[in-house]
Amino acid sequence: MSEAAQTLDGWYCLHDFRTVDWTTWKMLPIEERQEAINEFLGLVEKWNAVQNDKNGSHALYTVVGQKADFMMMILRPTMEELNEIETEFNKSKLAEFTVPAHSYVSVVELSNYLPAGEDPYQNPQILARLYPELPKAKHVCFYPMDKRRQGEDNWYMLPMEDRRNMMRSHGMIGRQYAGKVKQIITGSVGFDDYEWGVTLFSDDVLQFKKLVYEMRFDEVSARYGEFGAFFVGNLLEEDRVAKFLEV
């Protein structure tokens, strides 16, 4: 049996994608629409307070394409808190006019392919990656992925040293995009349909295409990667929520 990589785990993560029922939303009197918007902004204000206290983080993005209209990405210390936030939104007036389009449940993860040494939980750089404040980048890209488990291309049958070397090479590609793309990897084995979720943030949306394309040529992706649906979107700042929902 091959040795399993130990993971470093941080905040739990929910990607919640919603589609707006625009037809029904238009039928609502303007005063009630404004009440629904104000209630939602009140929820966001509560999330802001949690983020300011460094007990979690969140991001709001509109989604381009027909897969969804907007995404709420939430980070919290416990799975229970994610459930409470999801339920609180579902009970809101705005939620009455949205349809769940997709969701993904995971936990911020770093694979500990690092050499043995200091306690990683005492390293400020590692802690910042496990408990991040989500950036206000102009664009987001989210996709889930697996490592292939078929025939000779079975990632989980490879020796630890081979996996460590390939992941080191794989990581070097990502480092070339430092300052251009911020990447958050969340583990979802046992939580959702795929094994990882990848969330990319950038002020230049073309960097997503360049980074993902370049990584496709790396053996980790070319031989062992399986990918789910991609979602791409634009930052939804709080002062643009009312404009987004204006009809």
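Residues numbered from 1 in each chain as written. Predicted model: local features only at pLDDT ≥ 70, side-chain atom pairs only at ≥ 80, totals over all residues. Heavy atoms only, no water.

A. View of the UniProt feature "binding site: Fe-coproporphyrin III" (unreviewed entry) in the protein. UniProt records the feature "binding site: Fe-coproporphyrin III" (unreviewed entry) at Arg 129, Tyr 143, Pro 144, Met 145, Asp 146, Lys 147, His 170, Gln 183 and Ser 221, using the numbering of this structure. Position of Tyr 143 relative to the elements: it lies in strand E5 (residues 139–147). By secondary structure assignment, the location of His 170 is in helix H5 (residues 160–175). (UniProt positions renumbered as here; feature names shortened; annotations may be inferred. Helix = DSSP H or I, 4+ residues; strand = E, 2+ residues; numbered from the N terminus.)

B. Up close: the pairing of strand E2 (residues 57–63). Of all the seven residues making up E2, seven are buried; the element is thus mostly covered by neighbouring parts of the structure. The two faces of E2 match: Ser 57, Ala 59, Tyr 61 and Val 63 on one face and His 58, Leu 60 and Thr 62 on the other face are all buried. In terms of strand pairing, E2 meets strand E3 (residues 70–76) through six bridges, oriented antiparallel. Within E3, the residue paired with Ser 57 across the bridge is Leu 75. Pairing of E2 with strand E11 (residues 231–235) involves three bridges; the strand directions are antiparallel. Its bridge partner lying in E11, Tyr 61 is registered against Leu 235. (Buried < 20%, exposed > 50% of the residue type's maximum accessible area, 1.4 Å probe, protein only. Pairing = 2+ DSSP bridges.)

C. Expanded view of a nonpolar patch on the surface. Taken together, the side chains of Val 64, Val 205, Leu 206 and Val 232 present a nonpolar region at the surface, about 300 Å² in accessible area. Within the element layout of this structure, Val 64 appears in the loop between E2 and E3. Judged by its relative accessible area of 51%, Val 64 falls in the exposed class. (Patch = residues over 30% accessible without salt bridge, like charges linked within 9 Å, V, L, I, M, F, W, Y side chains within 5 Å. Areas by Shrake-Rupley, 256 points an atom, 1.4 Å probe, with all protein chains shown as cover. Salt bridge = Lys/Arg side-chain N within 4 Å of Asp/Glu carboxyl O.)

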